[in-house]
Amino acid sequence: MTSAPAANPIEYRFLGAGTTTRFALLLMLISVASIAMTFDIATVFTANDYDCILAAGGDPNQDTSANWTLIDRWDLVDQCAARYQPGPPAWLPLVWTVMVFVAAAGVFFVLPAWKKRRGAMVSLASVDKNKEIHHHLDDLIATTGPAGAPRPRIDFAVAPTAFSTGAVVFGRTTRPIISLHNGLLDVRTSAPQRFSAVVLHELGHVRNRDLTITYLTEALWRAFLVGILMPYIVYYVDYLAFKPAYWRDDTPEAAWRLAVAVLLAVVVYLARADVLRSRELYADLAAKDWGADRSGWPSSSPAVATGWAARAARNIAELWRTHPRMAIRDENLKEPAVLFGVQGLSMVLAGAAAGLGNHMITEFVPGAGYTQSVIPQVVELVEAGMIAGVVGFALCRAVSYAMVIGRPVLSGIRAGLWLGIGLALSELIADDIATARWLPRQPVFLLLMVVAAVVFAVWTTRCALLLARVWPGRTIRPTIPLILVPAAAALASWLMWWDRNGAVLVMGVWTDSAFLRRTFWAPVAGHTGEIWLADRLWAPALNLDDLWLAPTAVTLLWIVPLGVWFARSREATPRWIQILCATADTPAPQPGPPPLRSILRPGLLSGIAGIGAVIAVLAYMHTWRPPTPKVRGGEYDMIYETWLLVSLAFTAALAALTTGARGHRFRVLTALMAAQTASLVTMTGIAVLTWLDGCIPPLTTLASSCRWHPTAMDPLLDLIPAAVIYCAIAAFASVAAVAGADLVRTEILKLPPRSSSARPRPETLSSRRRWVVLLCSAAVGVTAVTGWRQAFGANWKPQALPNPTSVMKVAVAPISSHTRTMQLVAWNLVGGKDLLIRQSRVEREMSKALEPSGDGTQDTDHKMLSACTDLGKIADDADKFFRVPVPAIQTTWQRFTTQAQAGSSDCLRVLHDADPPNKTTPPPAPSAPISPAKSLDEITNAFETFETVLNQMLAMMPPNQRNTPEHH
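It should be emphasised that the depicted structure is a prediction, and the values quoted were computed from it without experimental measurement. (Residues numbered from 1 in each chain as written. Predicted model: local features only at pLDDT ≥ 70, side-chain atom pairs only at ≥ 80, totals over all residues. Heavy atoms only, no water.)

**Re the overall build of the protein chain**
And step 1. Across its full length, the protein chain holds 34 helices and 6 strands.
And step 2. Looking at the protein chain as a whole, 52% of its 968 residues qualify as buried.
And step 3. Taken as a whole, the protein chain presents about 42,700 Å² of accessible surface, with 64% of it coming from carbon and sulfur. (Helix = DSSP H or I, 4+ residues; strand = E, 2+ residues; numbered from the N terminus. Buried < 20%, exposed > 50% of the residue type's maximum accessible area, 1.4 Å probe, protein only. Areas by Shrake-Rupley, 256 points an atom, 1.4 Å probe, with all protein chains shown as cover.)

**Here we look at the nonpolar core**
And step 1. Judged by nonpolar contacts, the single largest core of 210 residues is most densely connected at Leu180, Leu203 and Trp558.
And step 2. Of all hydrophobic cores here, the second largest spans 49 residues; its members include Ile53, Ala55, Leu70 and Ile874. (Core = buried A, V, L, I, M, F, W, Y, C linked by side-chain atoms within 4.5 Å.)

**Digging into the sheet that holds strand β3 (residues 167–172)**
And step 1. The strand order across the open sheet formed by 4 strands is β1-β2-β4-β3, and the pairing between neighbours is mixed. At either end of the open sheet lies a strand with only one pairing partner, and these are β1 (122–123) and β3.
And step 2. In this sheet, strand β4 (residues 175–181) lies alongside β3 in antiparallel orientation, the contact comprising 6 bridges. Bridging across to β4, alanine 167 finds its partner in leucine 180.
And step 3. Running over the sheet, helix α5 (residues 91–118) touches β3 and β4 and is turned about 150 degrees from β3.
And step 4. Here helix α9 (residues 211–241) sits on the sheet and contacts β3 and β4; the angle it forms with β3, its principal contact strand, is near 85 degrees. (Pairing = 2+ DSSP bridges. Contact = heavy atoms within 4.5 Å. Axes fitted to C-alpha atoms, helices over the stretch in contact; angles between N-to-C directions.)

**Regarding the pattern of salt bridges**
And step 1. The tally for this structure, following the rule as stated, stands at 9 salt bridges.
And step 2. Across the pair aspartate 877 and lysine 873 runs a salt bridge whose closest N-O atoms are separated by 3.3 Å. Here lysine 873 and aspartate 877 lie together in helix α32 (residues 857–880), a separation of 4 residues that amounts to about one turn. (Salt bridge = Lys/Arg side-chain N within 4 Å of Asp/Glu carboxyl O.)

**Considering the state of the cysteines**
And step 1. Scanning the entire structure with this criterion turns up 3 disulfides.
And step 2. Residue pairing for cysteine 52: its cysteine sulfur links by disulfide to cysteine 80, the two sulfurs lying 2.0 Å apart. Disulfide cysteine 52-cysteine 80: the torsion about the S-S bond is -75 degrees, which places it as left-handed. Of this pair, cysteine 52 sits in helix α2 (residues 50–55) while cysteine 80 sits in helix α4 (residues 74–84), placing them 28 residues apart in sequence. Residue cysteine 52 shares its accessibility class with cysteine 80, and that shared class is buried. (Disulfide = S-S within 2.5 Å.)

**Looking at the packing of aromatic side chains**
And step 1. One pass over the structure, following the stated rule, counts 12 aromatic pairs.
And step 2. Aromatic side chains tryptophan 221 and tyrosine 269 sit 5.5 Å apart centroid to centroid with 65 degrees between the ring planes, which places their arrangement in the edge-to-face category. Linking tryptophan 221 in helix α9 with tyrosine 269 in helix α10 (residues 251–289), this pair joins segments that are 48 residues apart in sequence.
And step 3. Aromatic ring contacts, followed pair by pair, group Trp827, Phe881, Phe882, Trp893, Phe896 and Phe946 into a single cluster.
And step 4. Cation over ring: lysine 115 sits above phenylalanine 170, and NZ or CZ is 5.8 Å from the ring centre.
And step 5. The positively charged end of arginine 769 is found above the aromatic ring belonging to phenylalanine 566, 4.6 Å away from the centroid. (Phe/Tyr/Trp six-rings, centres within 6.5 Å; stacked < 30°, edge-to-face > 60°. Lys NZ or Arg CZ within 6 Å of the ring centre and 35° of its normal.)

**Remarks on unusual backbone geometry**
And step 1. Phi angles above zero are rare outside glycine, and lysine 131 is one such case at about 65 degrees.
And step 2. One can find lysine 131 in the loop between β1 and α6 (132–142).
And step 3. For lysine 131, a relative accessible area of 39% puts it in the partly exposed group.
And step 4. One non-glycine residue, arginine 209, lies in positive phi territory at about 55 degrees.
And step 5. By secondary structure assignment, the location of arginine 209 is in the loop between α8 (192–208) and α9.

**Looking at the packing of helix α16 (residues 413–429) against helix α17 (residues 447–470)**
And step 1. In the contact formed by α16 and α17, the axes pass within 7 Å of each other and the chain directions differ by 140 degrees. Between α16 and α17 lies a crossing of right-handed hand. Residue-level inspection shows Ile413, Ala415, Gly416, Leu417, Leu419, Gly420, Ile421, Leu423, Ala424 and Glu427 of α16 in contact with α17, the latter providing Met449, Val450, Ala453, Val454, Phe456, Ala457 and Val458.
And step 2. Each residue belonging to the contact of α16 with α17 can be placed in one class, and the counts come to 14 nonpolar, 2 polar and 1 charged. (Left-handed = near helix turned anticlockwise from the far one by under 90°. Nonpolar A, V, L, I, M, F, W, Y, C, P; charged D, E, K, R; others polar.)

**Observations regarding the pairing of strand β2 (residues 155–159)**
And step 1. In terms of burial, β2 is a largely internal element, 4 of the 5 residues being buried.
And step 2. Two elements, β1 and β2, share 2 bridges in a ladder whose sense is antiparallel. Bridge pairing in β2 links valine 122 to valine 158.
And step 3. The sheet contact formed by β2 and β4 spans 5 bridges and is parallel. Bridge pairing in β4 links valine 158 to leucine 180.

**A word on the environment of arginine 321**
And step 1. Among the structural elements, arginine 321 can be located in the loop between α11 (308–319) and α12 (326–334).
And step 2. Arginine 321 sits in the partly exposed class, given a relative accessible area of 36%.
And step 3. C-alpha of arginine 321 to C-alpha of arginine 272: the two residues are 49 residues apart in sequence and 9.8 Å apart in space.
And step 4. Those residues in contact with arginine 321 that lie beyond four places of it in its chain are Ala273 and Arg277.
And step 5. Within the local environment of arginine 321, its side chain forms a polar contact with the backbone oxygen of histidine 323, the two atoms lying 3.0 Å apart. (Polar contact = N/O pair within 3.5 Å; in protein donor to acceptor, adjacent residues only side chain to side chain.)

**Here we look at a nonpolar patch on the surface**
And step 1. A surface patch of nonpolar side chains, amounting to about 490 Å² of accessible area, comprises Trp91, Leu92, Val95, Trp96 and Met99.
And step 2. With respect to the helices and strands, the residue leucine 92 is situated in helix α5.
And step 3. Judged by relative accessible area, leucine 92 falls into the partly exposed class, the value being 30%. (Patch = residues over 30% accessible without salt bridge, like charges linked within 9 Å, V, L, I, M, F, W, Y side chains within 5 Å.)

**Description of the environment of leucine 775**
And step 1. In this fold, leucine 775 is placed in helix α28 (residues 765–792).
And step 2. Residue classification places leucine 775 among the buried positions, given a relative accessible area of 8%.
And step 3. Here the alpha-carbon distance between leucine 775 and isoleucine 559, two residues 216 residues apart in the chain, equals 8.1 Å.
And step 4. Every residue in contact with leucine 775, bar those within four places of it in the chain, is listed here: Trp558, Leu562, Leu600, Thr677 and Leu680.

**As for the pairing of β4**
And step 1. Burial analysis of β4 places 6 of its 7 residues in the buried class, which makes it a mostly covered element.
And step 2. Between β3 and β4, which pair antiparallel one after the other, the connecting turn spans 2 residues.

**Some points on the environment of alanine 525**
And step 1. Following the sequence through the fold, alanine 525 ends up in the loop between α19 (515–519) and α20 (528–538).
And step 2. Residue alanine 525 is classed as exposed on the basis of its relative accessible area, which comes to 71%.

**Here we look at the side chain of asparagine 332**
And step 1. As for its placement among the helices and strands, asparagine 332 is situated in helix α12.
And step 2. Look at asparagine 332 and you get buried, because its relative accessible area is 0%.
And step 3. Within the structure, asparagine 332 has its side chain in polar contact with the backbone oxygen of leucine 281 (distance 3.2 Å).
And step 4. Once you skip the residues sitting within four places of it in the chain, asparagine 332 turns out to touch Leu281, Asp284, Leu285, Val338 and Leu339.

**A few points about helix α31 (residues 817–850)**
And step 1. Over its 34 residues, α31 runs only 41 Å from end to end, short of the ideal 50 Å by more than 12%, given 1.5 Å per residue.
And step 2. The largest bend in α31 amounts to roughly 70 degrees and is located at glycine 831. (Expected span 1.5 Å × (residues − 1). Bend = angle between axes of the 7 residues up to and from the residue.)

Below you can see the structure in the form of structure tokens.
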């Protein structure tokens, strides 16, 4: 029989308080924010890349996705910034951040003395002359531990000017100081229960060893606020008020950066408040365990019935408090559910903090923005680990506590929604997807982030419940890594995809339907609809080499819970719950997992159906099979693989729908297991049919004859990464559809809930274990083959596909004449003017060389040789430099470089042919003899074209910028 929750005096720290994890998140967030903010401000004062972007043709009136189209040479932008606008040295933000942490350490060590001085505290010995208070305190300290146990060293002080009946503990864990208020000493004899309760509460802080973390949190917050946050906010407020006139349209970007700072301040403050608030609740519970009388604490007045708006406002205000309201403290003493609850705003903050940390690291670390860099993947792994460590751990604690007290276990949907909102908010406010815009072009795709977070939270809660239900150990702690590692791996895989493909969708960029036809060789006539389908299925998976973790993550998501069926069946309450409830009534056991046959049967049958679908695909592809192998290797092959992928997704969806229709709480896990089982069966069928390709005439597709083909398995191996991912997506989508139908059935149609149809027939342990080992071995084998293929497969097709940004186009607005002028000014500033000066110098040198000076032919030839060589080098450097951002001038400039190259080449040819026998001039490429008159005409034409370029530029330059080199 389930006991009332109040009668269950369990050890409330059985999974830890989570304070250390929250402090680690806070520490990491402050570190990343400090480095990124310092680097940002230092970059502004040392350099910026505005001129380089303008010179490359960028338009500040348009967002990032449009500038992808306008700027085709981002490598030149980087080279330009490195030469003309270098950023600050990497050590500068690091040193400043270290200084901030040193200041925080100083505050931490000075804080006890400062609190003593501010509170005018005196030692207890100066007040307690006859040692009565000391004896009373020693008796209270003795109740906090068994007899003979070492006692903590505690310094007691008195605050004579504090007339409240309270106390405060501060200092460090190894040297705590408890300050007793003067009002508390006054009631020691008249209300001893009050005195004991307050002192035991402060001793609870000492026993929980939370002092160091608490005051480190305080010191870090103050140092971060003064040394980092306030200068950053002041700078951007000043920038928005007095920003440069030449880059008028970066207001959204600057405003978003200011919003990032404000959000970081909110996140850090609320994380700080959460650490301080939770420690108070734990100290209350410790004092209660030592016999503190609840009447010793002031009680809250009865709650007044209010509307939902007032309740919501009160709950939000509670998150800003460092000490919880007395109503919450009273409820916590009755049942500590608040310590194990999953609060929505906490989930939002965790998602926002992890997402902002990701963006700040990738912005600060050099080279992190390149798709070939390993740095973003490491950062995404860290971000996923942070989310799993904070959110996943909180979900596991909530599930375990609900099982202990016999309460319904949370589904994880609400927590996932709040987490997804935090992640989406970090994407939006970080401004990587809406630069120069207030909102991205397609914000609806941010819902994908919310969906991914819901899947993460639901899987975590269901897996935690499943493992906790059958775990045979004395403590539940060993199951936590088994749950969090797969969840973190899956989340990291999702983040890797999102940062390369998903964010592009939010920007409003999408591949056109003909991109595969431009990418693959050997096109086929017609089949437009199938090409469109192939485009939509394969385009999101273009960078599968970056998603190396995804197949492993999906495998872990279903083989970890599958291992439960390897254990013995346990109908009784798990041992770890019995130990926790040793002094109370044991709660009724939670429902156990369904029979393994209810997972295997739908999986195997759906896999057989999938093989039938594959046979139908082969028969269809055979009907329009191209006659030559070369043509079959192009679009025909891609359409063939696309239909195989559709067949596998259909197989997974069918298995998930069949399994998910059974109304039990583990259907998310069982549907995923059934879907992956079905996909393994179908892939086995594809492998057999691939080996037999050419031997069954109606099903022949790629092969030309019935013989062993060394590359016959290439299509299947190419298919595995995408198949594993899409089958998992199909499984989750099918379960969501079934759950939605059940919600409509029960909540709208008011029909009774669907009961499980699985018959509880007994299953032998040996048969279950054989199936578990077989499925796990197959899954691990497929994952290993996929990993080997990704690492060493030279012909892996997705690696040969272009980056999505190279085939994605977006509408570009016309560029204004003002922007064109600023682009031309920037082009001159970052290297264009150097080219113009060099060309003017060459003209002067040639003019002097051709004037009759009496220096002799040899000296004239030497000057002409130098001038002609410089002319050709100028033309070559111009081709390697930015195009002139004004199209009309670029046309003339291109004509000049072409003429200059031809004139330089012919000039060198003439000089070589006219050189005396010592041949001091280097021989040019062999060609027909060139007349000196023709060479001179070519050079003259180049000079005249250059004159036209100068005149065009002067016509566009503002008056204060008309310092273009004078032509002679």
